Amino acid sequence: MDIDHVAYTSRAFEAASLGYFVEILQHDILKDLEGPVAGYRSVLRTFISAFIASYEISLQLEDNTLKLILDILCKIFQGEESLCIQFWDRDSFVDGPIRCLLCNLEGEFPFRTIELVRLLSALCEGTWPAECVYYFLHKSVGVSSFFEITNNSFVDEVSHTVETRLPLCIPGIEGLLVPSNTRGHVLKMVDQNRALVRWEYMPSGVLVLLLRLAQELYLGSSEEVLVTLDLFSRLVSFNKAACYGLMEIGNSCNIEDTGLVENL
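Residues numbered from 1 in each chain as written. Predicted model: local features only at pLDDT ≥ 70, side-chain atom pairs only at ≥ 80, totals over all residues. Heavy atoms only, no water.

Student: Would you mind showing me how to read the sheet that holds strand E6 (residues 182–191) here?
Tutor: Hydrogen bonds along the backbone pair up the strands of a sheet, which may run parallel or antiparallel. The antiparallel open sheet is built from five strands, whose spatial order is E1-E7-E6-E3-E2. Strands at the two margins of the open sheet, each flanked by one partner only, are strand E1 (144–148) and strand E2 (154–156). Ignoring strand direction, the axes of neighbouring strands in this sheet form an average angle of 45 degrees. (Pairing = 2+ DSSP bridges. Helix = DSSP H or I, 4+ residues; strand = E, 2+ residues; numbered from the N terminus. Axes fitted to C-alpha atoms, helices over the stretch in contact; angles between N-to-C directions.)

Spelled out as structure tokens, the structure:
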């Protein structure tokens, strides 16, 4: 007999079962336990990973479900170097659905900066995980933006590939432009003629975060500033190469010059 995992998981969400995960992680019993609690958090990680795998979490980005899941994941990983090492080990299939969630958030960067940065901050516990986070930001994080679709925008309608004829500003990052004639993939249509597009243009995510941080400090956006500063603080605390990379980024936009990427 086939089991409808999605239906069961949907009912679990409706029953507010995720709230129990938060209560467990916040309970004094975990704080008062003698010895490491990584084993207990590992069990909870397996449960939440199964939730993500069984449910179309990408469809829930606009409600409170994503925030709750991120809260749980941050509480599980933060402070547990062994779990962070397992996460960045590609052979760890248990973390696969969580990696997919991370990639979903990264795909819409910089529109979900707070969610992406919070999760990365929790995942950089320890020297090697911090290197992995830095490398992820440097190599894997691209940029997405809203784009007005016209009759000649599509290069390939089957693959939903578009091309911008003129340099395109990235909202929230003053001075950063997607070059003209850059192609991109339509992630989703916002309305009839407007789409969110992931561009084939990948400036360093570290640089993009620093540019956003400078602008958000000026605008007084406290939440994004706090989570970004927390991420950078944890990176430089755990990994000296990341510290040197951030120090050198003001001298050159080419992060390879810092020597960090060659060491990864």
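Student: When you look at the packing of aromatic side chains in this model, what are you seeing that I'm missing?
Tutor: Aromatic rings in a pair are described by how distant their centres are and how their planes are angled relative to each other. By the definition in use, this model includes five aromatic pairs. Aromatic pair Phe147 and Trp199: ring centres 5.2 Å apart, planes at 90 degrees, arrangement edge-to-face. In this pair, Phe147 is assigned in strand E1 and Trp199 in strand E7 (residues 194–199), connecting sequence segments 52 residues apart. The same class applies to Phe147 and to Trp199, which are both buried. (Phe/Tyr/Trp six-rings, centres within 6.5 Å; stacked < 30°, edge-to-face > 60°. Buried < 20%, exposed > 50% of the residue type's maximum accessible area, 1.4 Å probe, protein only.)

Student: What am I meant to see in the packing of helix H8 (residues 113–122) against helix H11 (residues 222–238) here?
Tutor: Helix packing geometry: the angle between the two helix axes and the distance between the axes. Their axes nearest at 9 Å, the elements H8 and H11 cross at an angle of 25 degrees. In this view, H8 runs roughly parallel relative to H11, as classed from their interaxial angle. For the pair H8 and H11, the crossing hand works out as left-handed. Taken together, the residues of H11 that come into contact with H8 (itself represented by Thr113, Ile114, Val117, Arg118, Leu120, Ser121 and Ala122) are Glu223, Glu224, Val227, Thr228, Asp230, Leu231 and Arg234. Taken together, the residues of the contact of H8 with H11 break down into six nonpolar, three polar and five charged. (Parallel < 35°, antiparallel > 145°, perpendicular 65-115°, else oblique. Left-handed = near helix turned anticlockwise from the far one by under 90°. Contact = heavy atoms within 4.5 Å. Nonpolar A, V, L, I, M, F, W, Y, C, P; charged D, E, K, R; others polar.)

Student: Even after reading the chapter, I still don't get the nonpolar core, so can you show me in this structure?
Tutor: Soluble, globular proteins show a tendency: their nonpolar side chains are buried together. Counting 65 residues, the largest nonpolar core has Leu73, Phe77, Trp88, Leu120, Leu231 and Leu235 as the members making the most contacts within it. The element that contributes the greatest number of residues to this core is helix H5 (residues 64–77), accounting for eight residues. What Leu73 contacts, discounting residues up to four positions off in sequence, is Ile48, Ile52, Ile98, Leu101 and Leu119. (Core = buried A, V, L, I, M, F, W, Y, C linked by side-chain atoms within 4.5 Å.)

Functional significance is not addressed by these values, which are geometric in nature.
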